[in-house]
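Residues per chain are reported as follows:
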Amino acid sequence: MRKSFYVFFLLSMFFLLLFLISISSYGQSYQSFKFELDQIVKKAKLRLGPFRILPTVNFKNIGYDNNVYYQREEDNPASDFTGTVSPEIKLYFLFRNYLILSFMENPEYVYYFEQKRERRWNNTLSPAFKFLFLNRFVISGNYSYSNRRRRASSEFDVRANERIKKYNSRLFYETARSTSFGFSWSVRTIMYEDITLPGEEIYLSRALNRKEKNGNFEFYYRIFSESFFFIGGGYTEYKFEHVQSSWRDSSSYKVYSGIRFPHLGRVRGTLSLGYKKLIPKIEEKKGFSGFVGNTGLNFRLARFGFRLNYNRDVHFSYWTNIIFFNEDRYSAGISFYLTKFLRIDYNFNYGEAKYPEPMMLRMPDGRYEQIKRRDIHRAHIVGFVFRIIRNTGIGLMVNFWKRESNYYWENRERMFVGGYITYEF
């Protein structure tokens, strides 16, 4: 009787979460020591002395962009040819069966034929360690540094230089059945450089530079061979660097739960549901409380592949009088394998960003009106992939993107035609 109730409870939780199709990805990235050790041995087959090496090279966004800076049509958008090469190397040192030392380095060069401002070397690196002691306890830590030019959120029309430093540590207890639970602590510093293009002078460093301190609890329970039920929660404190932005200081609480599916199989990804509460330090400013998510599910059925994604969260805003905006993003895709060497892809993306507080705007007719900004994003992505060898393929695609806003100034369109290399054919 107890066993039947237990099975019924797990199935009910699974289908409830599947119906909601909502995820909170906070903290569910933990892998047990044994699983991570096995994956390293399996994938990093290149050896150099005592080191195991896993190199990869990605070629992305090679093509033509008709609106590099997401400008309005009446402003004569700048277009250009572009391409990105992104080599990555992971280096591992395994000492017996209780110590993993690793190092990841990912330099990346982004090239634009005419827009020299957008040419740039990006870089991400991360050393880490994982130590097993008393056959059950695992202590781990890592440092990561990222220096990239990117659009940090949908609010960014122009890419901006972003530097992120993060220190993270974990203490976990693991059982023989791969059940694990523990605590994690992290400190993340985020810094931006200002955008100084004509008509786009935005002082990001004053508005968004901040330090985030986070404490988290995580619990994982294996329910199938490589699938895990997880639950957790945590607290984050946000402290902004500049005095002019101290009114943005906030804190947040979150809880989440879900199921993580294996990396291989007919169903892959993570299914979860979370709740978050963001509390500004200044009581007069509006906060946020509600469901959050970050979903990624992939299904394979005969010649068809299906993709479902959902993201919901709050993002800090660089607008002068607003702390954050909340955004929902939906994505659905389908792939059809015409032959063993040719695949056709289609994806539809929909996003909705809402600003919780009103802003005063000057309308085209000269009058002033107070509105709560609301943006709608839509993208249609069509393409096909040729398989070269094993799971490696060359893809070609067309991306039509459009943003519609009740703030007329923010209506934009873009088209990108290009190619890429994928390792998941």
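Figured I'd write up the structure that's included with this text. (Residues numbered from 1 in each chain as written. Predicted model: local features only at pLDDT ≥ 70, side-chain atom pairs only at ≥ 80, totals over all residues. Heavy atoms only, no water.)

## Re helix α2 (residues 33-43)
This is how it is decided: We call a residue buried when its accessible area falls under 20% of the maximum for its residue type, exposed when it is over 50%, and partly exposed in between, using a 1.4 Å probe and counting protein chains only. A run of H or I in DSSP counts as a helix once it spans at least four residues, and a run of E counts as a strand once it spans at least two, with each numbered from the N terminus. Summarising the geometry, the arc corresponds to the directions from the helix axis toward the C-beta atoms. The contact criterion used is simple: two residues touch if any of their non-hydrogen atoms lie within 4.5 Å.
For α2, every residue scored as buried is listed here: Phe33, Leu37 and Ile40. All buried residues of α2 fall inside an arc of 60° around its axis, so they share one side. Turned more than 90 degrees away from the buried face of α2, the exposed residues are Lys34 and Lys42. The elements touched by buried residues of α2 are β2 (51-65), β3 (80-95), β4 (99-112), β5 (120-133), β6 (137-150) and β7 (160-174).

## Considerations on the environment of Lys286
Along the chain, the position of Lys286 falls in the loop between β14 (267-280) and β15 (288-301). It is 7.3 Å that separates the C-alpha atoms of Lys286 and Glu357, two residues lying 71 residues apart in sequence.

## Describing the pattern of salt bridges
One side chain can pair with another of opposite charge once the charged atoms of both are near each other. Our working definition: A carboxyl oxygen of Asp or Glu within 4 Å of a side-chain nitrogen of Lys or Arg is what we treat as a salt bridge.
Going through the model one piece at a time under the given rule, you end up with 31 salt bridges. The partner of Lys60 in a salt bridge is Glu108, and the shortest N-O contact between them spans 2.9 Å. Of this pair, Lys60 sits in strand β2 while Glu108 sits in strand β4, and the two are 48 residues apart along the sequence. Of the charged contacts in the structure, one is a salt bridge between Glu410 and Arg412, with a shortest N-O distance of 3.9 Å. Comparing Glu410 with Arg412 shows no difference in burial state: the two are buried.

## Observations concerning a nonpolar patch on the surface
What counts, and what does not: Without a salt bridge and with relative accessible area above 30%, a residue can belong to a patch; like charges are then joined within 9 Å and nonpolar side chains (Val, Leu, Ile, Met, Phe, Trp, Tyr) within 5 Å. The Shrake-Rupley method, run with a 1.4 Å probe sphere, supplies the accessible areas, and residue values consider only the shown protein chains as cover.
A surface patch of nonpolar side chains, amounting to about 900 Å² of accessible area, comprises Leu101, Phe129, Leu134, Phe137, Ile139, Leu171, Phe181, Phe183, Trp185 and Phe217. Broken down by secondary-structure element, the contributors of at least two residues to the nonpolar patch are β6 and β8 (180-192). The greatest single-element share of the nonpolar patch, amounting to three residues, is contributed by β8. Looking at the secondary structure, you find Leu171 in strand β7.

## Focus: unusual backbone geometry
Look at Arg96: it is not a glycine, yet its phi comes out positive at around 50°. Its location among the elements puts Arg96 in the loop between β3 and β4.

## Points about the side chain of Ser146
As for its placement among the helices and strands, Ser146 is situated in strand β6. For Ser146, a relative accessible area of 13% puts it in the buried group. Setting aside residues no more than four positions away along its own chain, Ser146 makes contact with Asn123, Thr124, Glu162, Arg163 and Ile164.

## Considering the packing of aromatic side chains
Formally: The aromatic pairing rule takes the rings of Phe, Tyr and Trp, using the six-membered ring of Trp, and pairs them if the centres are within 6.5 Å, calling planes under 30 degrees apart stacked, those over 60 edge-to-face and the rest tilted. Put simply, a charge is over a ring when the Lys NZ or the Arg CZ is close to the ring centre, within 6 Å, and near the line of the ring normal, within 35 degrees.
Inspection of every chain in the model, using the stated rule, returns 35 aromatic pairs. Consider the rings of Phe384 and Phe386, whose centres lie 5.4 Å apart with planes at 85°: the pair is edge-to-face. Among the aromatic residues, those joined into a ring-pair cluster are Phe95, Tyr98, Phe131, Phe133, Phe137, Tyr173 and Phe181. Above the ring of Tyr30, the side-chain terminus of Lys130 is found at 4.6 Å from the ring centroid.

So, to be careful, I would describe these as geometric facts and stop short of saying anything about function.
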